[in-house]
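Here are the chains, one letter per residue:
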Amino acid sequence: MSPFPQRVFSGVQSTGNLHLGNYLGAIVRFVELQKSFDCMYCVVDLHAITVPQDPIALKANTREIAAAFIACGIDPKQNIVFNQSQVPEHAELAWVLNCVARIGWLNRMTQFKDKAGKDRENASMGLLDYPVLMAADILIYRATHVPVGDDQKQHLELARDIAQKFNNDFSESIARNGFGEAFFPLPEPLISGPATRVMSLRDGTKKMSKSDASDYSRINLSDDADQIAQKVKKAKTDPDALPSEEKGLEGRPEADNLVGIYAALSGQSKTDVLGEFGGANFSNFKSALVDLAVAKLAPITDKMRRIREDETYVDGVLRDGAERARAIARENMNAVKDIVGFLR
Ligand code: TYM
């Protein structure tokens, strides 16, 4: 048994265009987990500025993600919902962890390579350091479980490496300060279900992403029924009918993606979906997918819009969440200071 009390932490960047991948890969899990864990859900605005953001849009996007959390069913009273920049201990711990993490570890991160592109020298320092801040987000609360999409797996492995190295480097001081053998838990990624990696509707080999230039590549949580219908109808497919078994999806990334989306939205497995639609052509399947997506997403979109309009409410939720988060973060940061050897 782990000596650490169980706690869930996860984050979503306030970068706009919240999409079906974020919803199915992460937020749906956030909602489930609140039944059995103490959960903290954070709008990570410090991460957002690792690429340029318009300050006015950034504020609006932070409120939008908070509204989405609540509209999807996260209870901000039972859990802690807040924005990262209101809890300065995230950045403070990130500095200490920067001195634990190795440059070589960060240079290997595929997300950095993808986002920095060819002109790596010109990427912000923050973009390279992104995963260390992410480790700090988790470890400042000594969180044990982290629900994320598949694309964050490597960052979670790095967070575990950083936690492990901190525990090793400071083992004597950790024991001397009364924390036993390890101060940080090794956080466990929770990546499961049929939609841990939702792909672009235009290219089944590319991840659905907030930053794709084509809005037709993704379904945004802010899309209305007509937009959803148009995007699904235009989604790339292949000429064959749907297979009856999952094996038949191999080598057919677009078909695999649409079936995965249907499965996740309907709470079924891909096998169940193919049991129903095997042999169907794409136009029939797409019509069913439009109906399902609209039925599932329209209530969320409406609720999100209503919540977002009440700025005083949203800001109040974030402020209250940040105060509760800070109480935990401050205590853990003080412990880190004692362990590292800072006077306070
Ligand atoms: P962000 O905002 O880029 O993504 C938020 C969540 O959505 C998941 N996701 C996807 N899941 C399935 N299919 C997709 N196409 C897809 N695109 C995105 C991501 O995996 C993520 O779970 N680095 C994090 C934010 C973060 C964080 C943290 C997460 C900062 N600190 C600490 C956990 C713990 C991110 O990717 O945000």
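Everything here concerns the structure above.
Moving on: the nonpolar core. In terms of nonpolar packing, the biggest core is built from 62 residues, with Leu20, Tyr23, Phe69, Leu265 and Phe285 touching the most fellow members. In terms of residues, this core owes the most to one element, helix 13 (residues 282–309), which gives eleven residues. Lining this core are residues from two domains, each supplying at least three of them: domain 1 (7–196 + 310–340) and domain 2 (215–306). Those residues in contact with leucine 20, other than ones at most four positions away along the chain, are Gly25, Val198, Met208, Ile219, Ile261, Leu265 and Leu297. Val96, Leu128, Phe166 and Ala322 belong to the second-largest nonpolar core, a separate cluster that totals 50 residues.

We now examine unusual backbone geometry. One non-glycine residue, asparagine 17, adopts positive backbone phi at about 55°. Of note, asparagine 17 is situated in the loop between strand 1 (8–13) and helix 1 (20–33). You will see that arginine 142, though not glycine, has its phi angle at about 50°, which is positive. Checked against the element boundaries, arginine 142 lands in the loop between helix 7 (125–139) and strand 4 (145–147).

What follows deals with the packing of aromatic side chains. Within this structure, the stated rule accounts for twelve aromatic pairs. When the centroid spacing of 5.2 Å and the interplanar angle of 70° are considered together, the rings of tyrosine 262 and phenylalanine 277 count as edge-to-face. Placement of tyrosine 262 in helix 11 (residues 253–266) and of phenylalanine 277 in helix 12 (residues 270–277) is noted, with a sequence separation of 15 residues between them. By relative accessible area, which is 9% here, tyrosine 262 ends up buried. Taking the centre distance of 5.0 Å and the plane angle of 75° together, the rings of phenylalanine 277 and phenylalanine 285 count as edge-to-face. For the pair phenylalanine 277 and phenylalanine 285, one class covers both residues: buried.

For strand 1, a buried count of five out of six residues is recorded, marking the element as mostly surrounded by other parts of the structure. Note that strand 1 and strand 2 (residues 39–44) share six bridges and pair parallel. Within the sheet, the bridge partner assigned to glycine 11 lies in strand 2 and is cysteine 42. With helix 1 bridging strand 1 and its parallel neighbour strand 2, the resulting β-α-β unit is right-handed.

Looking now at the packing of helix 13 against helix 14 (residues 311–340). Across the interface, helix 13 lies against helix 14 with an axial gap of 5 Å and an inter-helix angle of 85°. With respect to their mutual orientation, helix 13 and helix 14 come out roughly perpendicular. Contacts between helix 13 and helix 14 involve Ile307, Arg308 and Glu309 from the former and Glu311, Tyr313 and Val314 from the latter. Tallied by class, the residues present in the contact of helix 13 with helix 14 amount to three nonpolar, no polar and three charged.

With respect to the helices and strands, alanine 322 occurs in helix 14. Along the sequence, alanine 322 and glutamine 84 sit 238 residues apart, while their C-alpha atoms lie 7.9 Å from each other. Not counting chain neighbours up to four residues away, the residues in contact with alanine 322 comprise Phe82, Gln86 and Val87.

As for its position among the elements, serine 173 is in helix 9 (residues 171–176). According to the relative accessible area criterion, serine 173 is buried, its value standing at 10%. Contacts of serine 173, omitting those with residues within four sequence positions, involve Asp338 and Ile339.

This part takes up the pairing of strand 3 (residues 80–83). The two faces of strand 3 match: Ile80 and Phe82 on one face and Val81 and Asn83 on the other face are all buried. Here strand 2 pairs with strand 3 via four bridges, running parallel. The residue of strand 3 that forms the bridge with valine 43 is asparagine 83.

Right, let's get into the site of the ligand. With respect to spatial proximity, 28 residues lie near the ligand, and among them Tyr130, Asp137, Asp151, Val198 and Lys210 are the closest. Between the ligand and glycine 21 there is a distance of 3.1 Å, counted from a nitrogen atom to a backbone nitrogen or oxygen. In the model, an oxygen atom of the ligand is placed 2.4 Å from a nitrogen or oxygen of the aspartate 151 side chain. Relative to its unbound accessible surface of 700 Å², the ligand loses 97% to contact with the protein. In this structure the site holding the ligand corresponds to the largest pocket. Elements with a minimum of two residues in the shell around the ligand: strand 1, helix 1 and helix 7. In terms of residue count, the dominant contributor to the shell around the ligand is strand 1 (five residues). Residues that form the shell around the ligand fall into these classes: twelve nonpolar, eleven polar and five charged.

The rules behind these values
- Residues numbered from 1 in each chain as written.
- Predicted model: local features only at pLDDT ≥ 70, side-chain atom pairs only at ≥ 80, totals over all residues.
- Heavy atoms only, no water.
- Core = buried A, V, L, I, M, F, W, Y, C linked by side-chain atoms within 4.5 Å.
- Buried < 20%, exposed > 50% of the residue type's maximum accessible area, 1.4 Å probe, protein only.
- Helix = DSSP H or I, 4+ residues; strand = E, 2+ residues; numbered from the N terminus.
- Domains from an automatic or database assignment.
- Contact = heavy atoms within 4.5 Å.
- Phe/Tyr/Trp six-rings, centres within 6.5 Å; stacked < 30°, edge-to-face > 60°.
- Pairing = 2+ DSSP bridges.
- Right-handed = clockwise from strand over helix to strand, strands pointing away.
- Axes fitted to C-alpha atoms, helices over the stretch in contact; angles between N-to-C directions.
- Parallel < 35°, antiparallel > 145°, perpendicular 65-115°, else oblique.
- Nonpolar A, V, L, I, M, F, W, Y, C, P; charged D, E, K, R; others polar.
- Near = heavy atom within 4 Å.
- Polar contact = N/O pair within 3.5 Å; in protein donor to acceptor, adjacent residues only side chain to side chain.
- Areas by Shrake-Rupley, 256 points an atom, 1.4 Å probe, with all protein chains shown as cover.
- 1 Å grid on protein atoms, 1.4 Å probe; cavity = no way out; pocket = protein on both sides within 12 Å on 5 of 7 lines; lining within 4 Å.
- Sits in = over half its atoms within 2 Å of the grid points.

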